[in-house]
Amino acid sequence: MFSRVNSIILINNISKYLYMVAIVLCSIFLTINIYILLGGSLEGTISMQTIINQNDNTSNYSNFNQIPFLNRLLIFLLIVILIGLILSILKFWGNFMSLIKDGKYFEINTIKNLRYISYLLLGIWAFLFIIPFFTDIIFSTSFSNETILSENSVNENTHITNSSFSFSFSPIIFLINGIIFWVLSHIIIEGIKLKKENELTI
């Protein structure tokens, strides 16, 4: 029992720290995106694939400020929505673990946090699934940066540093997890209601 309580306290603390770290990281990421949206310079190799009416067009840029403003705005809005959904999930999970730590295991207010998480997961799935059909535009963006530290010949210790960043989302994962969370929360809430009804009947 003591070990179980310690585990719950540990998970609760990790959830709190994870939420705070996520806020910091999302704030930094959002600040960078605002900087890019307003025309800030960020050099690299950006490949953007646009599919409109089944016509595949690929544009290459050497700086983010070269990307058309409407494209940057669309990317920014998509990122803001995703950040909001992810932070909300972490917030409700933190609330859930806090109530569990306080011993409020089988209370409707506790389990409702799981239901809210399920709605948000389904929202992320719907968002990622519908966006390509809604806009009829698919953006595939990759960013890489190459830095040559020496301008000597290849035989004289030329050092090349490569870095690349890529992001991918699998909508089906959010759908499955959303359904699981919803089913669990529904079963537990209905069980709590039945228990209360039986207590009132007795």
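Residues numbered from 1 in each chain as written. Predicted model: local features only at pLDDT ≥ 70, side-chain atom pairs only at ≥ 80, totals over all residues. Heavy atoms only, no water.

Along the backbone of the protein there are 4 helices and 4 strands. Secondary structure of the protein in N-to-C order comes out as α-β-β-α-α-β-β-α. By the burial criterion, 26% of the 202 residues in the protein qualify as buried. In the protein, of all internal contacts separated by at least 6 residues, the share reaching a separation of at least 24 is 63%. Accessible surface, the protein: about 13,800 Å² in total, of which carbon and sulfur atoms supply 65%. (Helix = DSSP H or I, 4+ residues; strand = E, 2+ residues; numbered from the N terminus. Buried < 20%, exposed > 50% of the residue type's maximum accessible area, 1.4 Å probe, protein only. Contact = heavy atoms within 4.5 Å. Areas by Shrake-Rupley, 256 points an atom, 1.4 Å probe, with all protein chains shown as cover.)

With 31 residues, helix 4 (residues 171-201) ought to run about 45 Å at 1.5 Å a step, and its terminal C-alpha atoms sit 45 Å apart, in line with that. Regarding helix 4, the residues found buried are Phe 174, Leu 175, Gly 178, Ser 185, Ile 189 and Ile 192. (Expected span 1.5 Å × (residues − 1).)

Turning to the nonpolar core, a few remarks are in order. By size, the foremost hydrophobic cluster in this structure holds 18 residues, and its most contacted members are Ile 89, Phe 96, Ile 124 and Leu 128. Counting only elements with at least two residues in this core, the list comes to helix 2 (69-101), helix 3 (108-135) and helix 4. Counting residues per element, this core draws most heavily on helix 3, at 8 residues. Excluding residues that lie within four positions of it along the chain, Ile 124 makes contacts with Leu 82, Leu 85, Ile 86, Ile 89 and Phe 174. One finds Cys 26, Ile 83, Leu 87 and Leu 90 within the second-largest nonpolar core, a separate group that totals 6 residues. (Core = buried A, V, L, I, M, F, W, Y, C linked by side-chain atoms within 4.5 Å.)

Right, let's get into the side chain of Ser 185. Assignment of secondary structure puts Ser 185 in helix 4. With relative accessibility at 0%, the residue Ser 185 sits in the buried group. Those residues in contact with Ser 185 that sit more than four places away from it in its chain are Ile 111, Leu 114 and Arg 115.

So, about the environment of Asn 13. As for its placement among the helices and strands, Asn 13 is situated in helix 1 (residues 2-37). In the structure, Asn 13 is positioned 81 residues away from Gly 94 in sequence and 8.8 Å away in space, judged by C-alpha atoms.

Evaluated as defined, the whole model comprises 1 salt bridge. Measuring nitrogen to oxygen at the nearest pair gives 3.4 Å for the salt bridge that ties Lys 101 to Asp 102. A relative accessible area of 37% places Lys 101 in the partly exposed class. Residue classification places Asp 102 among the partly exposed positions, given a relative accessible area of 45%. (Salt bridge = Lys/Arg side-chain N within 4 Å of Asp/Glu carboxyl O.)

On the surface, Val 21, Val 24, Leu 25, Ile 28, Ile 32 and Leu 42 cluster together into a nonpolar patch covering about 490 Å² of accessible area. By secondary structure assignment, the location of Val 24 is in helix 1. (Patch = residues over 30% accessible without salt bridge, like charges linked within 9 Å, V, L, I, M, F, W, Y side chains within 5 Å.)

This part covers the layout of surface pockets. There is about 150 Å³ of room inside the second largest pocket. Only helix 2 and helix 3 provide two or more residues apiece to the lining of the second largest pocket. The residue makeup of the lining of the second largest pocket, split by class, is 8 nonpolar, no polar and no charged. (1 Å grid on protein atoms, 1.4 Å probe; cavity = no way out; pocket = protein on both sides within 12 Å on 5 of 7 lines; lining within 4 Å. Points joined across faces, edges and corners; volume = space filled by probe spheres on them. Nonpolar A, V, L, I, M, F, W, Y, C, P; charged D, E, K, R; others polar.)

In short, the description is geometric, and any link to function would need to be established separately.
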